[in-house]
Amino acid sequence: MKKKDFWNKQYKKPTHLALSSEPSEDLIKFTRWLQREHGRAVLNVTALVVDLGCGNGRNLLYLAREFGVHGVGYDTSHEALREGRARTDAEELPLVFEERSIAKPIPLEDVSAALALDMMSSHVLRRVERESLRAEILRVLRPNGWLFFKSFFLDEDRNAARMLRDYPGPEEGMYVHPEIGVPEYVWTASALRIFFEPSFVMHKMETSHKHLTKRGEPWKRRTVSLYLEKSGGA
């Protein structure tokens, strides 16, 4: 099954996942940190935010409501985008949603965005596609713009290690998800630093718990969130 078809079915009639319309707690945590460090210099009514793999737009909707930003979201699921557009229209928010793959060039002008979101999205891309997306994010971000990045994390995650062992993918560090049938990449801390530095300044790396049951068995994959600022010379 293609990832696009899987997510269309999930947004229409969830079977595998509990899909939320509330913003990510990790994103809220990031915005609070950003406000403490920079006030409203980044998140304000002049800011353009691009959400790469926006799903139903829940995170863009939150940013538009809370900070007055305008934004654009890209996703391959038309069912997810239908939800985002309906809520945007109902609340008359300055958001636009477009059905397209994040493996393609971002249709935004150079240095036009204050913030980019890549939240549980680019892990489905192959290495060359992840590198192209990184270059595109750098191109559209304004000087000292920000990237909030969240993905799967391998370090001390027995569940992810098992997936890599039992369901090997087409590239090192990738497994084929046994339910979706789609290759997914899982990051290590060292791989993240090599990939993002020196193009970005990594201000924070937040990791989730190991997600073990009371019997010490892994039940959920770990995640990692990065607070990344575009380097001045990038």
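What this report covers is the structure whose coordinates are included nearby. Keep in mind that this is a model prediction, so the values were computed, not measured. Sequence order sets the numbering: in each chain, residues are counted from 1 along the sequence as written. The predicted origin of the model limits local features to residues at a pLDDT of at least 70 and limits the giving and counting of side-chain atom pairs to 80 or more, whereas totals for whole chains, interfaces and linings rest on all residues. Note that the side-chain values use all heavy atoms of the structure and ignore hydrogens as well as water.

### Things to note about the environment of Met163
Turning to its location among the elements, Met163 is positioned in helix α6 (residues 158-166). For Met163 and His177, which are 14 residues apart along the polypeptide, the C-alpha to C-alpha distance reads 7.7 Å. Not counting residues within four places of it along the chain, the set of residues in contact with Met163 comprises Pro168, Tyr175, His177, Pro178 and Arg221. Helix and strand assignments follow DSSP, with helices taken as H or I runs no shorter than four residues and strands as E runs no shorter than two, numbered in order from the N terminus. Residues count as neighbours in contact if any of their non-hydrogen atoms are within 4.5 Å of one another.

### Looking at the sheet that holds strand β3 (residues 95-99)
Ordered by their spatial adjacency, seven strands build an open sheet running β3-β2-β1-β4-β5-β9-β8, and the pairing between neighbours is mixed. Sheet topology places β3 and β8 (200-207) at the edges, where each strand pairs with a single neighbour. When the angles between neighbouring strand axes are averaged without regard to direction, this sheet yields 15°. Bridge analysis of strand β5 (residues 141-152) against strand β9 (residues 223-230) gives seven bridges, and the strand direction is antiparallel. Here, strands pair whenever DSSP counts at least two bridges between them. Working convention: axes come from line fits to C-alpha atoms, limited for helices to the stretch in contact. Angles between N-to-C directions cover 0 to 180 degrees.

### Section: the pairing of strand β4 (residues 113-119)
Along β4, seven of the seven residues are buried, which leaves the element largely enclosed by surrounding structure. Alignment of strand β1 (residues 48-52) against β4, held across three bridges, turns out to be parallel. Its bridge partner lying in β4, Val50 is registered against Ala116. Pairing between β4 and β5: six bridges, direction parallel. By the bridge assignment, Met119 is partnered in β5 with Lys150. A crossover gets the label right-handed when its path from the first strand over the helix to the second runs clockwise, viewed with the strands pointing away from the viewer. Tracing the backbone out of β4, into helix α5 (residues 127-140) and back to the parallel element β5 gives a crossover that is right-handed. The rule is simple: take the accessible area with a 1.4 Å probe, protein chains only, and divide by the maximum for that residue type; under 20% is buried, over 50% is exposed, in between is partly exposed.

### Describing the nonpolar core
Among the nonpolar cores identified, the biggest contains 35 residues, and Ile137 and Phe196 are the most heavily contacted of them. Residue assignment for this core shows that the elements contributing at least two residues are β1, β2 (70-75), β4, α5, β5, α7 (189-196), β8 and β9. Broken down by element, the residue count for this core peaks at five residues, all from α7. If near-sequence neighbours (up to four positions away) are discounted, Ile137 is found in contact with Leu52, Ile106, Ala116, Leu147 and Phe200. Grouping buried Ala, Val, Leu, Ile, Met, Phe, Trp, Tyr and Cys residues that are joined through side-chain atoms within 4.5 Å yields what is termed a nonpolar core.

### A word on the packing of helix α2 (residues 25-38) against helix α3 (residues 58-67)
Direction vectors running N to C along α2 and α3 enclose 35°, while the axes themselves pass 11 Å from each other. Taken as a pair, α2 and α3 cross one another with a handedness that is right-handed. Two secondary-structure elements touch here, α2 through Leu27, Ile28, Thr31 and Gln35 and α3 through Asn59, Tyr62, Leu63 and Phe67. A crossing counts as left-handed when the near helix is turned anticlockwise from the far one by less than a right angle, and as right-handed when that turn is clockwise.

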